[in-house]
Amino acid sequence: MNEGYPSVLLLIPAYNEERRIGPVLRSYAEYVPRHYEGKFQLVVVLNGCRDNTLGVVQQVAKDFPVISWVVHPAPIGKGGALIEGLRMAPLADLIGYVDADGATEPPAFLDLVRRAKEADCVIGSRWLPGAVLHQMQSWQRRFLSRSFHAIVQLLFHMNIRDTQCSAKIMRREVVEKIHPSLCIADMAFDINLLYLIKRNGFTILEVPTTWADKTGSKVNLPRDPLVMLLSAIRVWWIYSRFRGLRPFFAPVENWFYRKLRQPPPRPDPKD
């Protein structure tokens, strides 16, 4: 390994991905070490899997020592899996994550790594000029995505075109600073993450990426968009001047998460 290159830890959260994750792991484990001279580690964070995802990961890992895994038997949500995975930040200089479906291919992820010197956090975007979309989302998902983006911009004023693209890379010191305050366990985790990065004075660079919508999506319409909206409002509320009212509404909030079949909300951060 070349000591002049930052080490990279890639996290892949996985929930019942036995049919899709094998080729994705092989593609990353083959491509990145061939095209990047720094140390590379890939950790799959299994989240309440009821299928043979673990067996598939273990089988691929026999051929590629860069792959390891962490198992959480209870369902903790995609965001919960990433929060747990980010505890491993001390293992690398740069920590990133992508989805288990392979929508972000290794060259696109490596593009983010190579631009990491330009900002504290580099994120892929499907909505910037220059982005390449090999397969478009359905019009329903595009409509929901753009509607959610408008709400996020209204609440947080982050001026980020694509908060939800699961292709992100961060410096270790960024993760270590914000990790204690991460509290969103569902797919609105990215809002929580990016808002905290900005709030703590770190820089974010959004770059066009190459991306493809994959079959077998785990997005449940309309439940997941409702959960994401609830979680985005929760993040806004935590850092608003009305935060003191939160204890009075916590039982109602917890009831909504239960009715939507989501993991229980993590405690509000103290800061």
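See the structure above.
The present account deals with the structure reproduced in this document. These figures come from a predicted structure and were not determined experimentally.

Take the overall build of the chain next. Each helix and strand in the chain was counted, giving 9 helices and 9 strands. Computed over C-alpha atoms, the radius of gyration of the chain comes to 18 Å, within 12% of the 18 Å expected from 2.2 N^0.38 for 271 residues, which places it in the range of a compact globule. With the C-alpha coordinates of the chain rotated into their principal frame, the extents come out at 55 × 40 × 35 Å. Among the 271 residues that make up the chain, the fraction classed as buried is 52%. Considering only intrachain contacts with a sequence separation of at least 6, the fraction spanning at least 24 residues in the chain is 82%.

Turning our eyes to something else, we now look at unusual backbone geometry. For His157, which is not glycine, the phi dihedral falls at a positive 55 degrees. Mapped onto the elements, His157 comes out in the loop between α5 (139–156) and β7 (167–171). Classification of His157 as exposed rests on a relative accessible area of 56%. Notably, Arg261 is not glycine yet its phi reads approximately 60 degrees, a positive angle. Tracing the sequence through the fold places Arg261 in the segment after α9 (246–259). For Arg261, a relative accessible area of 60% puts it in the exposed group.

About the thresholds
Residues numbered from 1 in each chain as written. Predicted model: local features only at pLDDT ≥ 70, side-chain atom pairs only at ≥ 80, totals over all residues. Heavy atoms only, no water. Helix = DSSP H or I, 4+ residues; strand = E, 2+ residues; numbered from the N terminus. Rg over C-alpha atoms; globule rule 2.2 N^0.38 Å. Buried < 20%, exposed > 50% of the residue type's maximum accessible area, 1.4 Å probe, protein only. Contact = heavy atoms within 4.5 Å.

Functional significance is not addressed by these values, which are geometric in nature.
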